[in-house]
Amino acid sequence: MNKIILATQNAHKLEELRSVLPKGWEVLTAFDAGIRGELPETGSTLEENAFQKAMYLWNHCGIPSLADDSGLQVAGLSGAPGVNSAMYAGPERSDQANRSLLLANLAGAVDRAATFRTVLAWATLEGIQLYEGVVHGQITHDERGEYGFGYDRIFVPNEGDGRTFAEMLPEEKVAMSHRSRAVRAWLTGLERS
Ligand code: ITT
């Protein structure tokens, strides 16, 4: 059986990742593996942060570790919040405050294009590999929907039917999300190695 650690402390991300992992794998969280306190995340790119989190767990536990660093890049805000998505409105990491600030900063903007991006870092004895998943969409004018987390209530994927990610059932979001695309790229990489 494959045993891996998911290097995320975000319960929503954990749930989404678990839902797309192959059945039968033993999947531990950082907490399960005895890690207390925050994982290191001091980089200035999604790649650096994913790398740091996965390497930290691999070095401390010696179990293959998968880290997810994700962000929302809004064209009309020069790519913000990007790597600062979790703390856009401050260190409290409030999803509600982050969404409200983003809508306020984009008030009146005609260009509402945005991209969700996930970088996965996979750390094993062989080293570390990075995989990416993206989904393009638009920022709404108001919050819509109850599912999901983070910026899901204000993001409409271009390839959907006009609903926000938060108006979709979890499996509908997973079918086109940045995170599940990155997971598919990683699984394809595993099959080839
Ligand atoms: P870990 O580092 O422990 O994994 P985190 O919450 O700090 O958890 P990130 O830095 O990767 O994770 O995420 C940045 C923020 O981007 C996150 O807090 C959400 O607000 C937002 N975000 C990430 N993925 C999202 C998604 O699928 N839908 C909506 N918002 C998302």
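Refer to the preceding data block for the structure.
Residues numbered from 1 in each chain as written. Predicted model: local features only at pLDDT ≥ 70, side-chain atom pairs only at ≥ 80, totals over all residues. Heavy atoms only, no water.

Chemist: Sorry if this is basic, but what is going on with the site of the ligand here?
Modeler: Taken together, 21 residues sit near the ligand, with T8, Q9, K13, R93 and D152 positioned nearest. At 2.7 Å, a side-chain N or O of K173 approaches an oxygen atom of the ligand. Surface burial for the ligand is 95%, taken as the share of its 610 Å² of free accessible area covered by protein chains. Going through the elements one at a time, strand 3 (65-74) and helix 5 (178-192) are the ones with two or more residues in the shell around the ligand. No other element matches strand 3, which puts 3 residues into the shell around the ligand. (Near = heavy atom within 4 Å. Polar contact = N/O pair within 3.5 Å; in protein donor to acceptor, adjacent residues only side chain to side chain. Areas by Shrake-Rupley, 256 points an atom, 1.4 Å probe, with all protein chains shown as cover. Helix = DSSP H or I, 4+ residues; strand = E, 2+ residues; numbered from the N terminus.)

Chemist: Could you clarify how one ought to interpret the side chain of R179 in this entry?
Modeler: Following the sequence through the fold, R179 ends up in helix 5. A polar side-chain atom of R179 sits 3.1 Å from a polar atom in the side chain of S70. Excluding residues within four positions of it along the chain, R179 makes contact with K13, E16, L17, D68, S70, T118, F149 and K173. (Contact = heavy atoms within 4.5 Å.)

Chemist: It is not clear to me how helix 3 (residues 95-105) should be interpreted in this structure. Could you clarify?
Modeler: An α-helix turns once per 3.6 residues; consequently, residues spaced three or four apart project the same way. Three or more residues of helix 3 are buried, namely N98, R99, L102 and L103. Looking down the long axis of helix 3, one finds its buried residues gathered within 125 degrees of arc, a one-sided arrangement. On the buried face of helix 3, the contacting elements are strand 3 and strand 5 (127-139). (Buried < 20%, exposed > 50% of the residue type's maximum accessible area, 1.4 Å probe, protein only. Arc of directions from axis to C-beta.)

Chemist: Before we go on, may I ask you to explain the pairing of strand 4 (residues 113-124) in this structure?
Modeler: Note on strand geometry: in a regular strand, side chains alternate between the two faces of the sheet. Of all 12 residues making up strand 4, 11 are buried, and the element is well covered by its neighbours. Relative to strand 4, strand 3 is paired through 10 bridges, and the arrangement is antiparallel. When the sheet's bridge partners are listed, A67 is paired in strand 4 with A121. Here strand 4 runs beside strand 5; their pairing, made up of 12 bridges, is antiparallel. Counted as the bridge partner of F116 is V135 from strand 5. Two successive antiparallel strands, strand 4 and strand 5, enclose a turn made up of 2 residues. (Pairing = 2+ DSSP bridges.)

Chemist: What am I meant to see in the packing of aromatic side chains here?
Modeler: By convention here, two paired aromatic rings are described through the distance between centres and the angle between planes. Per the stated rule, a full pass over the model turns up 5 aromatic pairs. On the numbers, 5.8 Å between centres and 90 degrees between planes, the contact of W25 with W186 is edge-to-face. On the criterion of sequence distance, the pair formed by W25 in the loop between helix 1 (11-20) and strand 2 (26-29) and W186 in helix 5 is long-range, its members being 161 residues apart. For the ring pair W122 and W186, a centre distance of 5.1 Å and an interplane angle of 65 degrees mean the geometry is edge-to-face. (Phe/Tyr/Trp six-rings, centres within 6.5 Å; stacked < 30°, edge-to-face > 60°.)

Chemist: What is the right way to read helix 2 (residues 46-61) from this model?
Modeler: The end-to-end C-alpha distance of helix 2 is 23 Å, a good match for the 22 Å that 16 residues give at a rise of 1.5 Å each. Next to the buried residues of helix 2 lie strand 1 (3-6), helix 1, strand 3, strand 4 and strand 5. Positive phi appears at G62, one or two residues downstream of helix 2, with a value of about 65 degrees. (Expected span 1.5 Å × (residues − 1).)

Chemist: Could you clarify how one ought to interpret unusual backbone geometry in this entry?
Modeler: One can expect most non-glycine residues to show negative phi and most peptide bonds to be in trans. Along the chain, A80 connects to P81 via a cis peptide bond; the corresponding omega equals -5 degrees. Relative to the helices and strands, P81 is located in the loop between strand 3 and helix 3. Look at S78: it is not a glycine, yet its phi comes out positive at around 55 degrees. Within the fold, S78 resides in the loop between strand 3 and helix 3. The phi dihedral of R93 is positive, around 55 degrees, even though this residue is not glycine.

Keep in mind that these numbers describe shape and distance, not what the molecule does.
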